[in-house]
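Coordinates in review
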Amino acid sequence: LPEIINCNKTNKTGICIVECSRRGDGLYVKIEPKHVGDLITLQIVCKEKRSCQNMNIISNEQAVELVNILCYESYSCLEVNVTINAISDININLQCIESNACEQLNIHIKNKDSESNLMANITCYDEFSCDFMNIITGDTRNIFITMNILSYSQDILINHAYWRNTILNCGNNEHQRFIRY
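An account of the accompanying structure is given in this report. Bear in mind the structure is a predicted one, so any value in this text is a computation, not a measurement. (Residues numbered from 1 in each chain as written. Predicted model: local features only at pLDDT ≥ 70, side-chain atom pairs only at ≥ 80, totals over all residues. Heavy atoms only, no water.)

Turning our eyes to something else, we now look at the overall build of the chain. Helices and strands together make up the secondary structure of the chain, namely 0 helices and 14 strands. Mapped from its N terminus to its C terminus, the chain presents α and β elements in the order β-β-β-β-β-β-β-β-β-β-β-β-β-β. A buried classification covers 44% of the 181 residues belonging to the chain. Of the contacts formed within the chain by residues at least 6 apart in sequence, a portion of 76% connects residues at least 24 apart. (Helix = DSSP H or I, 4+ residues; strand = E, 2+ residues; numbered from the N terminus. Buried < 20%, exposed > 50% of the residue type's maximum accessible area, 1.4 Å probe, protein only. Contact = heavy atoms within 4.5 Å.)

Laid out in structure tokens, this is it:
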């Protein structure tokens, strides 16, 4: 059975930090505070190779305002599944640092409230760091995705009904890059 981590408010800051430093195959993180507004920030830090592999991160309704996922090493976030079902404003930041750090990572975002905004900011730093990534959204207009791909990654899928709410920044000013299409 996968290990389950419950993130409930433990201090006045409203921050839950999950640090994975060993192989965490199948870890399940469900963000479900006891009271609305208890948990403001969830930070998941994947420090080692395969430390968050096959992790399932689920946030329902008003659980959190900010989700930071940091994938440092190669394959540290291999086949991670992130599911966000929001009814209030939420920001998601995903940092894929090393090569293959976020390979086959899946993000499913749904915004159940047409008045609130859901912002996803994804940065792929190294070559192949976001290979085979899938980003799937609901059909809500108020989901905004910014993806910064600083080096080559292949087969990234962004499925968003409102494609104009998606910004792609490819490469950086210091290197000459080529985009294959």
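Here we come to the state of the cysteines. This model, assessed by the stated rule, comprises 4 disulfides. Residue Cys46 pairs covalently with Cys52 via a disulfide, S to S 2.0 Å. Taking the sign of the S-S torsion, about -95 degrees here, the bridge from Cys46 to Cys52 comes out left-handed. Judged on exposure class, the residue Cys46 and its partner Cys52 are both buried. In this model Cys124 forms its disulfide with Cys130; the gap between the sulfur atoms is 2.0 Å. In this structure the cystine formed by Cys124 and Cys130 twists about its S-S bond by roughly -100 degrees; its chirality is therefore left-handed. The two residues Cys124 and Cys130 agree in class, both being buried. Here Cys20 stays free of any disulfide, with the sulfur of Cys52 as its closest cysteine sulfur at 3.4 Å. (Disulfide = S-S within 2.5 Å.)

A few words now on the environment of Thr146. As for its placement among the helices and strands, Thr146 is situated in strand β12 (residues 143-149). Sequence spacing of Thr146 and Thr123 is 23 residues, and the spatial spacing of their C-alpha atoms is 8.4 Å. Residues in contact with Thr146, not counting those within four places in the same chain, are Ala120, Asn121, Ile122, Ile167 and Asn169.

As a further point, take the sheet that holds strand β2 (residues 15-20). Paired through their backbone hydrogen bonds, the strands of a sheet run either parallel or antiparallel. In spatial order, the strands read β2-β4-β6-β8-β10-β12-β14; together these 7 strands make up an open sheet with parallel pairing. Edge positions in the open sheet fall to β2 and β14 (166-170), since each of these has one partner strand only. Along the sheet, successive strands turn relative to each other by an average axial angle of 5 degrees, direction set aside. Of the pairings in the sheet, the one linking strand β6 (residues 66-71) to strand β8 (residues 90-96) comprises 6 bridges and is parallel in character. Bridging across to β8, Leu66 finds its partner in Asn91. (Pairing = 2+ DSSP bridges. Axes fitted to C-alpha atoms, helices over the stretch in contact; angles between N-to-C directions.)

Attention now moves to the packing of aromatic side chains. Counted according to the given criterion, the structure contains 1 aromatic pair. With 5.8 Å between their ring centres and 85 degrees between their planes, Phe128 and Tyr152 make a pair best called edge-to-face. Of this pair, Phe128 sits in the loop between β10 (118-124) and β11 (134-137) while Tyr152 sits in the loop between β12 and β13 (157-159), placing them 24 residues apart in sequence. Tyr152 gets classed as partly exposed once you look at its relative accessible area, which sits at 30%. Here the basic side chain of Arg50 rests over the ring of Tyr75, its NZ or CZ set 5.2 Å away from the ring centre. (Phe/Tyr/Trp six-rings, centres within 6.5 Å; stacked < 30°, edge-to-face > 60°. Lys NZ or Arg CZ within 6 Å of the ring centre and 35° of its normal.)

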